[in-house]
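So the chains spell out like this:
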Amino acid sequence: GCGTQTAGLGFGGNAPPPSNNPVGNTEEYNGSSWSEQNDLGTARIGLGGAGTQTAGLAFAGRLAAPPTTFKNETEEYNGSSWSEQNNVGTARINCGGCGSQTAGLAFGGEAATGVVGVTEEYNGSSWSEQNDLGTARFALAGAGPQTAAVGFGGYISGASALTEHYDGTSWTASNNMGTARYALAGSGTQTAALAFGGTPGGVTTTEQYDGSSWTTTTSMATGRRALGSANASPSSASLAFGGTPPVSNATEE
């Protein structure tokens, strides 16, 4: 997902059992209710998102598994429909994403070669590879603009609490989250981020980040993993939606 608490955008994901197939469904949130819009061109699971409701960016992901088919498709949303753009350089699933439609950032994930720390910047037309994450991992969350981003959590050989800052060139380590987790969601900026949900266990734990350290704040009502977020929202006005288990359509502000 992407957007803000009063103008959110959710797209793609898994259909509920028994199909568990990837979907291309796209929905807009107006601060009160959701409305269905035109589907993604390529339905997929585990994709990244960035941007706003009227200028969204969707990238990478996979088709139904097994076997896993890693995708590198990039699509832009104009507030009405999706159009395909130049591909991400490294096809992968469950990467972190943040930034905007004209200055997007994709980092980490799982590719055909395994877990990667690959970082790529999008300029509104094409992707270019940058310096890798300090620690390769997948199913992590991100927040902030392309030149001042923060990536946190993820899976290495288990749940991770790692936090890293990106300055538009390279990544540097910061203080860990209080709760190690992956398949979590995030929003905000590098100096005012929010981390919520994730797994193990479909956690409800929410943490606020001030650019240096994390503090626990009010928990989510519904614990879940693989949820969507309006990652452009400030940490004081976030949006969480969807997730599992079980497959959920819950929305929380």
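Residues numbered from 1 in each chain as written. Predicted model: local features only at pLDDT ≥ 70, side-chain atom pairs only at ≥ 80, totals over all residues. Heavy atoms only, no water.

1. Brief notes about the layout of surface pockets
Definition in use: Think of a 1 Å grid over just the protein atoms. A cavity is a set of points where a 1.4 Å probe fits yet cannot get out, a pocket is an open set with protein on both sides within 12 Å along at least five of seven lines, and lining residues have an atom within 4 Å of a point. Grid points are joined across faces, edges and corners, and a volume is the space filled by probe spheres set on the points. Helix numbering and strand numbering both begin at the N terminus, where a helix is a DSSP run of H or I of at least 4 residues and a strand a DSSP run of E of at least 2.
Roughly 1500 Å³ of volume is contained in the largest pocket. Contributing to the lining of the largest pocket are 50 residues, with G13, A226, L227, G228 and G243 lying nearest its centre. Those elements giving two or more residues to the lining of the largest pocket turn out to be strand 2 (7–11), strand 5 (48–51), strand 9 (96–99), strand 15 (141–143), strand 19 (185–189) and strand 23 (228–229). L194, T206, T218, S238 and E253 are, among the 17 residues lining the second largest pocket, the residues nearest its centre. Elements that contribute at least two residues to the lining of the second largest pocket include exactly strand 20 (192–196) and strand 21 (206–209).

2. Thoughts on the sheet that holds strand 13 (residues 119–122)
Put simply, the test is: DSSP bridges decide pairing: two strands pair if at least two such bridges lie between them. To define axes, lines are fitted to C-alpha atoms, for helices over the stretch in contact only, and angles between the resulting N-to-C directions are given on a 0 to 180 degree scale.
With antiparallel pairing, 4 strands are arranged side by side in an open sheet as 9-10-13-14. Among the strands making up the open sheet, the edge pair consists of strand 9 and strand 14 (127–130). Strand-to-strand twist of the sheet, defined as the mean angle between neighbouring strand axes without regard to direction, takes the value 20 degrees. Direction of pairing for strand 13 relative to strand 14: antiparallel, over a ladder of 4 bridges. Considered in strand 14, the bridge of E120 is made with E129.

3. Regarding the packing of aromatic side chains
For clarity, the threshold we go by: Within 6.5 Å between ring centres, the rings of Phe, Tyr and Trp (the latter by its six-membered ring) count as paired, and their orientation is classed by plane angle as stacked under 30 degrees, edge-to-face over 60, tilted in between.
Scanning the model with the defined rule gives 12 aromatic pairs in all. Ring centres of F152 and W214 lie 5.2 Å apart, and the angle between their planes is 65 degrees; on these two criteria the pair is classed as edge-to-face. Within this pair, whereas F152 is found in strand 16 (residues 149–152), its partner W214 is found in strand 22 (residues 214–217), the two being separated by 62 residues in sequence. Site record: aromatic cluster; members linked through ring pairs are F11, Y77 and W82.

4. Side note on unusual backbone geometry
At the junction of T199 and P200, the peptide bond is cis and its omega measures out at 20 degrees in the coordinates. Within the element layout of this structure, P200 appears in the loop between strand 20 and strand 21. Of note, the bond from T244 into P245 is cis; its omega dihedral lies within 30 degrees of zero at -5 degrees. Its location among the elements puts P245 in the loop between strand 24 (240–241) and strand 25 (251–252). Here the phi dihedral of A183 falls at roughly 55 degrees; this positive angle occurs in a residue that is not glycine.

5. Observations concerning the sheet that holds strand 25
In spatial order, the strands read 23-24-25; together these 3 strands make up an open sheet with antiparallel pairing. Unpaired on one side and paired on the other, strand 23 and strand 25 mark the two borders of the sheet. Where strand 23 and strand 24 come together, 2 bridges link them in antiparallel fashion. Counted as the bridge partner of S229 is A240 from strand 24.

6. Let's talk about the environment of S219
Heads up, the rule is: Burial classes: relative accessible area under 20% of the type maximum marks a residue as buried, over 50% as exposed, and values in between as partly exposed (1.4 Å probe, protein chains only). What makes two residues a contact is simply this: any of their non-hydrogen atoms within 4.5 Å.
For S219, the location among the structural elements is in the loop between strand 22 and strand 23. Given a relative accessible area of 40%, S219 falls into the partly exposed group. Beyond its immediate stretch of four places on either side in the chain, S219 contacts T204, T205 and T206.

7. Thoughts on the side chain of R44
Counted only if it meets this: What qualifies as a polar contact is a pair of N or O atoms within 3.5 Å, subject to a donor-acceptor requirement within protein and to the restriction that residues adjacent in sequence count only when both atoms come from side chains.
Mapping R44 onto the fold places it in the loop between strand 4 (34–37) and strand 5. Residue class for R44 comes out buried when judged on its relative accessible area of 0%. Of note is the side chain of R44, whose polar atom sits 2.9 Å from the backbone oxygen of T42.

8. Brief notes about the pattern of salt bridges
Filter applied, for reference: Each reported salt bridge corresponds to a side-chain nitrogen of Lys or Arg within 4 Å of a carboxyl oxygen of Asp or Glu.
Summed over the entire model, instances satisfying the criterion amount to 6 salt bridges. The partner of R44 in a salt bridge is E75, with the nearest N and O atoms 2.8 Å apart. In this pair, R44 sits in the loop between strand 4 and strand 5 while E75 sits in strand 7 (residues 74–77), placing the two residues 31 residues apart along the sequence. The exposure class of E75 is buried, given its relative accessible area of 1%. The shortest N-O distance in the salt bridge between E73 and K71 comes to 3.5 Å. Across the pair, exposure class does not vary: E73 and K71 are buried alike.

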